[in-house]
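# Residue-level structural notes
What follows is the residue order along each chain.
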Amino acid sequence: MQSIDYHTTKLGTLRFILAIIFVGLFSFLSIYSWYTGAMEDISLYLHHDGFVLVYLIISIIQFIVFLGIAIALQPKMVYAFTDFRLQWKGVFLLLGASLLLTLLSGFVIPPELAENPAGILFQRMRHLYPALFVFMMILVGYSEELLFRLLPISFSKKHPLLIGVIWQIIFASMHLYQGILAFFFTFILGMIFWFGFRRGMSLHSVAWTHIIYNLTVTFFY
């Protein structure tokens, strides 16, 4: 996807600033919940099926909002949905690199750290409401690729690598509730998917790589 230089207009500059504020706010909230241990409180309700369903529905709404905000900040990104190419070679390369990274992380992250409340909650969602869970994973794939990969690329004709690194740090910080080591692995995963876009892969190719990766890790890892 070619970069769209929104800096040439006042509206474009405003959208760019709003994008930074938006992702920065969610990053701050995630870091805050990590420091305050807010995710630990969820462990008290993990065995209540009703709580799991409510949390799942709230998560679905959240990612729908993510999709809407990403497109509102960069309306021309909607055209990315019309590119129906699936570059299978790129999909297999990105997926292979992501899964290899996950396997390697198993040697670094102790099992007791991997069993965090968020991971247990995801497993409960998968077992209790598999159809809704898969739907949420699809929303996760598309919303995160739009917001954290395609959006910064569309704003950054200059210094694309620097912009990519900054936005993937923000993306990784939103996963701090899973632990500091997970932060570093999530950053690398974000850069892998970002690299896919920089190599000309379509939104559907990268998003479905992300979706398949998430489902594979959740079901088999």
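Analysis parameters
Residues numbered from 1 in each chain as written. Predicted model: local features only at pLDDT ≥ 70, side-chain atom pairs only at ≥ 80, totals over all residues. Heavy atoms only, no water. Helix = DSSP H or I, 4+ residues; strand = E, 2+ residues; numbered from the N terminus. Buried < 20%, exposed > 50% of the residue type's maximum accessible area, 1.4 Å probe, protein only. Areas by Shrake-Rupley, 256 points an atom, 1.4 Å probe, with all protein chains shown as cover. Axes fitted to C-alpha atoms, helices over the stretch in contact; angles between N-to-C directions. Parallel < 35°, antiparallel > 145°, perpendicular 65-115°, else oblique. Left-handed = near helix turned anticlockwise from the far one by under 90°. Contact = heavy atoms within 4.5 Å. Expected span 1.5 Å × (residues − 1). Patch = residues over 30% accessible without salt bridge, like charges linked within 9 Å, V, L, I, M, F, W, Y side chains within 5 Å. Salt bridge = Lys/Arg side-chain N within 4 Å of Asp/Glu carboxyl O.

On to the overall build of the protein. What the protein contains, in helices and strands, is 10 helices and 0 strands. Listed by position from the N terminus, the elements making up the protein come as α-α-α-α-α-α-α-α-α-α. Within the span of the protein, comprising 221 residues, buried residues form 46% of the whole. For the protein, the exposed surface amounts to about 11,600 Å²; the carbon and sulfur share of it is 73%.

Below, the discussion takes up the packing of helix 7 (residues 130-155) against helix 10 (residues 203-220). Between helix 7 and helix 10, the shortest axis-to-axis distance is 9 Å and the interhelical angle comes to 130 degrees. It follows that helix 7 is oblique to helix 10 by the angle criterion. When the axes of helix 7 and helix 10 are compared, the crossing they make is right-handed. Residues Phe133, Val134, Met137, Ile138, Val140, Gly141, Tyr142, Glu144, Glu145, Leu146, Arg149 and Leu150 of helix 7 form the contact with helix 10, whose participating residues are Leu203, His204, Val206, Ala207, Trp208, His210, Ile211, Asn214, Leu215, Thr218 and Phe219.

With that settled, consider the environment of leucine 146. Mapped onto the elements of the fold, leucine 146 is located in helix 7. Judged by its relative accessible area of 0%, leucine 146 is buried. Separated by 66 residues in the primary sequence, leucine 146 and alanine 80 place their C-alpha atoms 9.3 Å from one another. Apart from residues lying up to four places away in sequence, leucine 146 is in contact with Leu67, Ala70, Ile71, Met77, Phe81, Leu151 and Leu203.

The subject of this paragraph is helix 8 (residues 160-173). With 14 residues, helix 8 extends 20 Å from end C-alpha to end C-alpha; this agrees with the ideal 20 Å at 1.5 Å per step. Listed as buried for helix 8 are Ile163, Gly164, Trp167, Gln168, Ile170, Phe171, Ala172 and Ser173.

Turning our attention to a nonpolar patch on the surface. Together, Leu86, Trp88, Phe92, Trp208 and Ile212 make up an exposed nonpolar region whose accessible area comes to about 510 Å². At the level of elements, helix 4 (88-105) and helix 10 are the ones that each hand at least two residues to the nonpolar patch. Take tryptophan 88: it is sitting in helix 4.

Another aspect to go through is the side chain of threonine 186. Examined against the element boundaries, threonine 186 turns out to sit in helix 9 (residues 180-198). Sequence-distant contacts of threonine 186, that is, excluding residues within four places in its chain, are made with Phe171, Ala172 and His175.

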